[in-house]
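Commentary on secondary and tertiary structure
Given next are the chains, with one letter for each unit.
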Amino acid sequence: MGWSIPIGSVKGTEIRIHLTFLLLLAWIGIAHYVEGGAQAALEGVVFISLLFLSVLLHEFGHVFAARRYGVQTPDVTLLPIGGVARLERIPEEPGQELVVALAGPAVNIVIAGVLFLLLAGPMPAGSTEVQNPGVGMVARLATANLFLAVFNLLPAFPMDGGRVLRALLARRMGYARGTQVAASVGQFVAFGLGLLGLFGNPILIFIALFVYLGAASESHAVQLRDAARGMIVDDAMVTEFQTLSPSSTIENAVDALIRTTQHEFPVVDGAGRLRGVLTREDMIRALRERGPDAPVIEAMRADIPVIHHRRGLDEALRILQEGRLPAVGVTDGAGRLLGLVTPENIGEMMMIHGARPVQRAGLR
Ligand code: ZN
């Protein structure tokens, strides 16, 4: 994620702080200072930091639950609206998703429980909440953790509650249909939050928008994967395209861009093997920065994976989505390039899939 700085790592998961979060800390400090002086500023910043430590522990609840199922988590980012743990993939086994989703809010409930126990314990003689600001802060932190647990369990993507709902529905009606229903419930909840926001706290409108968009994109990605299941790469790959050779220049690539409707050009060597892919964006950037005589091999993306043409289309789609790649190469048994799978041609295939009455019946 851009605009975030790494502050450390725990067991292979990097912890990053978004710059806007540091701005929030500064703003809280200044606002408290203006109102109550240095002591209040310190307390405000300490409280927000502890609150975000709770959010971080929540995210690590997800991280360690996901590890149990072999899902890696490259990083956790702290934003002013909460934390985001980037999972390599979401487990599609409903039981596993349920455990991973519940692990985050469970951490907050445990924190709240421990803090309330501390508060209920014997207090130093003569101290009351007014005299001891520490006691007040512990109570507020415990309440905030309870709120975090409840808020995250709202049944709306991308909140944890949305995933819990999807996992429960998926058991009865299958993953794709379960996601669709959970996404609709999420958008309904988002609408309600937005309405509340109009009459009360404007931050709710912002959260509602976030929830609405999250629900829509989750539903789309899952429908795509569901349609791809049961098909092989052969059924969907592009086979008619212009290729470039490792000795081609940016000028040659620009010619090809203008003569065709293609946006991604595979660079293929004499043995028919894929060396990389040059996208339109790469091409324009190289033209501006290095001129028309630069070799394409220095401007292309060389990290393009290949997949055998008889493999499942859902696998190709997963590779595309996880790597945010412009294309995946399709090869025969000897490793020669036969075709390409791109996000655009998968999108077209989806439109066709949706329009065919027989196949649509099969989706249910
Ligand atoms: Zn969570």
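In this text the structure is predicted, and so the values were computed from the model without any measurement. (Residues numbered from 1 in each chain as written. Predicted model: local features only at pLDDT ≥ 70, side-chain atom pairs only at ≥ 80, totals over all residues. Heavy atoms only, no water.)

1. Description of the coordination of the zinc ion
Keep this limit in mind: Metal sites are built from N, O and S donor atoms within 2.8 Å, or 3.2 Å for Na, K and Ca, and they leave out water, so they may look incomplete. Square planar and octahedral assignments, for four and six donors respectively, both demand that opposite donors be over 155 degrees apart and that all other angles lie between 65 and 115; tetrahedral needs four donors with all angles between 85 and 135 degrees, and anything else is irregular. Numbered from the N terminus, helices here are DSSP runs of H or I no shorter than four residues, and strands are runs of E no shorter than two.
Donor atoms from the polypeptide that bind the zinc ion are His58 (NE2), His62 (NE2), Asp160 (OD) and Asp160 (OD), placed at 2.0 to 2.6 Å. Coordination at the zinc ion is irregular, judged from the four donor atoms that bind it and the angles of 55 to 149° they form at the metal. Each donor residue of the zinc ion belongs to the same chain, with the gaps between them written as H-x3-H-x97-D. Residue histidine 62 is found in helix 1 (residues 19–68), and its partner aspartate 160 is found in helix 4 (residues 160–173); the two are separated by 98 residues along the sequence.

2. Observations concerning the pairing of strand 9 (residues 337–341)
Residues in a regular strand project their side chains so that they alternate between the two faces of the sheet. Quick reminder of the rule: Residue burial is assigned from relative accessible area. The probe radius is 1.4 Å, only protein chains are included, and a residue is buried under 20% of its type maximum, exposed over 50%, and partly exposed in between. For two strands to be treated as a pair, DSSP must find no fewer than two bridges joining them.
Of all five residues in strand 9, four are buried, a share of seventy percent or more. Bridge count for strand 8 (residues 328–331) against strand 9 is four bridges, and the pairing is antiparallel. Within strand 9, the position partnered with valine 330 by the bridge is glycine 339. Where strand 8 folds back on strand 9, the antiparallel hairpin that results is connected by five residues, among which glycine 335 adopts a positive phi of roughly 85°.

3. A short note on the nonpolar core
Keep this limit in mind: Here, the term nonpolar core denotes a set of buried Ala, Val, Leu, Ile, Met, Phe, Trp, Tyr and Cys residues that are joined through side-chain atoms within 4.5 Å. Domain delimitation follows an automatic or database domain assignment. Contacts are assigned to residue pairs that have any heavy atoms within 4.5 Å of one another.
Core analysis: the biggest nonpolar cluster contains 26 residues, and Val233, Ile307, Leu313, Leu320, Val330, Val341 and Ile346 have the highest contact counts within it. Elements supplying a minimum of two residues to this core: helix 6 (203–228), helix 7 (233–236), strand 6 (274–279), helix 10 (313–323), strand 8, strand 9 and helix 11 (343–355). With four residues, helix 10 is the single largest residue contributor to this core. The two domains that each donate at least three residues to this core are domain 2 (173–228) and domain 3 (233–355). Residues contacting leucine 313, with those up to four places away along its chain left out, are Ala228, Met231, Ile232, Val233, Ala236, Ile346 and Met349.

4. Examining the environment of threonine 243
Note on placement: threonine 243 falls in the loop between helix 7 and helix 8 (250–259). Taking the relative accessible area as the measure of exposure, threonine 243 reaches 34% and is therefore partly exposed. For the pair threonine 243 and valine 267, spaced 24 residues apart in sequence, the C-alpha separation works out to 5.9 Å. In this structure, threonine 243 is in contact with Pro266 and Val268, ignoring residues within four places of it in sequence.

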